[in-house]
Amino acid sequence: MPTPSSSQHLPFGENKNAEWYGKDIISVKQFKREDLEYVFGVAHEMRGMVERVGTFDLLKGKILANLFYEPSTRTSSSFTAAMERLGGSVIPINEVKYSSVTKGESLPDTVRTLESYADVIVLRHPETGSAAIAAKAARKPVINAGDGTGEHPTQALLDTFTIFEELGAGLIDGMTVTMLGDLKYGRTVHSLARLLSLYKVRLNYVSPDILRMPKEVMDEVAEKNIPQAEFSSLEKVLSETDVLYVTRVQKERFEDPADYEKVKGAYVIDPAIMKAAKKDMIVMHPLPRVGEISTDFDDDPRAAYFRQMEYGLYVRMALLAMVLGKA
Ligand code: ASP
Ligand code: CP
């Protein structure tokens, strides 16, 4: 493990030939099992360093442009914290309405502008495919922080890291992961189902009929021979579940508000329901929650959703170090 006194003892030398140097992170499809081992190994080191020294100079002099066209608390602030804990700095564009986007500037031009000043761009945008468009326009690395209903790859990486840290990496093969809620519009579950298909997991999808997991995602997962099953009620699968991944119904994605009203309170996790679950399972949520997990459950040791946010910091530190050639 690195010594806390000096960043020169870090195991991360600058390496422009490193596999992830200068790469965009657009989709979880870019990651193989070995890549995850690598990312999580670096994230683990980052955790140790943050616990021992707080902030260190691995990315001193580097600048991140945080470009958010949609609201965010965790992703935006954890990327900021990640960059600052690594000694770098951030250009925050969290409210594009105060930027030249309001004057009609296109996404490619905005990205070209920001890369004139920054070394890496983190982008959240309401349109699926926008991160790939931005990456095509940019010479510098673009990291997808959520593109519409498409993907949220850094969330899926931190979700998988959470499962490893909480339940043990060695136990992932054979686990049953149950995803609950809005599986149609929830980009986090689109990325997570794809990423977990690198392991021998069993996936259950529990949702209202109108919010089922998209066929495209299920087909990709099926190609990896991962057992998948769909349900409308949690009851049938809760007792066998090792990870319950709860999601918010994505109100902002509905074309017809009446449809949202029909499904908004479909599932609520509370201590009574959780009596049927294993003692050593965990409940996760990408957050924000808007009622789908009762606050009465927060003190249960199985409630991993607040710890999950912290794991995100270490994974994002690892990703920034990797694409900037320092890991
Ligand atoms: N924060 C996550 C996302 O941006 C999940 C959510 O908003 O419900 O996709
Ligand atoms: N999990 C997540 O992406 O949270 P934010 O929308 O607050 O960034």
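The structure under discussion appears in the preceding block.
Keep in mind that this is a model prediction, so the values were computed, not measured.

1. Brief notes about the site of ligand 2
The local shell around ligand 2 consists of S72, T73, R74, T75, R124, H152, Q155, P286 and L287. R74 places a main-chain nitrogen or oxygen 2.9 Å from an oxygen atom of ligand 2. Compared with its free state, where it exposes 250 Å², ligand 2 has 92% of that area covered by protein. In a pocket analysis with a 2 Å cut-off to the grid points, ligand 2 is assigned to the largest pocket.

2. Digging into the packing of aromatic side chains
Each pair of aromatic rings is reported with the distance of its centres and the angle of its planes. All told, the structure shown has eight aromatic pairs when counted by the stated rule. Ring geometry for W20 versus F31: centroids 4.7 Å apart, planes at 15°, classification stacked. Of this pair, W20 sits in the segment before α1 (33-53) while F31 is found in the segment before α1, placing the two residues 11 residues apart along the sequence. Here W20 falls in the buried class, since its relative accessible area comes to 6%. Using a relative accessible area of 4% as the deciding quantity, one classes F31 as buried. Judged by centre distance (5.3 Å) and plane angle (75°), the ring pair of F40 and F164 falls under edge-to-face. Taken together, the residues F40 in helix α1 and F164 in helix α5 (residues 153-167) connect sequence positions 124 residues apart.

3. What about empty space enclosed by the protein?
The final tally for this structure, using the stated rule, is one cavity of 30 Å³ or more. Roughly 50 Å³ of internal volume is contained in the largest cavity. Its residues assigned to classes, the lining of the largest cavity shows three nonpolar, two polar and two charged.

4. A short note on helix α7 (residues 215-223)
Looking only at α7, the buried set comprises V217, M218 and V221. Around the axis of α7, the buried residues are gathered within 95° of arc, so they sit on the same side. Those residues of α7 that are exposed and angled more than 90 degrees off the buried face are K215, E216 and E223. On the buried face of α7, the contacting elements are α6 (187-196), β6 (202-206) and β7 (228-231).

5. Overview of the nonpolar core
In terms of nonpolar packing, the biggest core is built from 70 residues, with M179, L203 and L320 touching the most fellow members. It is helix α10 (residues 305-323) that provides the largest number of residues to this core, a total of 11 residues. Sequence-distant contacts of L320, that is, excluding residues within four places in its chain, are made with L59, L64, F79, A82, M83, L86, V120 and I143. L180, L238, A277 and F297 belong to the second largest nonpolar core, which has 18 residues in total.

Thresholds, definitions, all that
- Residues numbered from 1 in each chain as written.
- Chains lettered and ligands numbered in written order.
- Predicted model: local features only at pLDDT ≥ 70, side-chain atom pairs only at ≥ 80, totals over all residues.
- Heavy atoms only, no water.
- Near = heavy atom within 4 Å.
- Polar contact = N/O pair within 3.5 Å; in protein donor to acceptor, adjacent residues only side chain to side chain.
- Areas by Shrake-Rupley, 256 points an atom, 1.4 Å probe, with all protein chains shown as cover.
- 1 Å grid on protein atoms, 1.4 Å probe; cavity = no way out; pocket = protein on both sides within 12 Å on 5 of 7 lines; lining within 4 Å.
- Sits in = over half its atoms within 2 Å of the grid points.
- Phe/Tyr/Trp six-rings, centres within 6.5 Å; stacked < 30°, edge-to-face > 60°.
- Helix = DSSP H or I, 4+ residues; strand = E, 2+ residues; numbered from the N terminus.
- Buried < 20%, exposed > 50% of the residue type's maximum accessible area, 1.4 Å probe, protein only.
- Points joined across faces, edges and corners; volume = space filled by probe spheres on them.
- Nonpolar A, V, L, I, M, F, W, Y, C, P; charged D, E, K, R; others polar.
- Arc of directions from axis to C-beta.
- Contact = heavy atoms within 4.5 Å.
- Core = buried A, V, L, I, M, F, W, Y, C linked by side-chain atoms within 4.5 Å.

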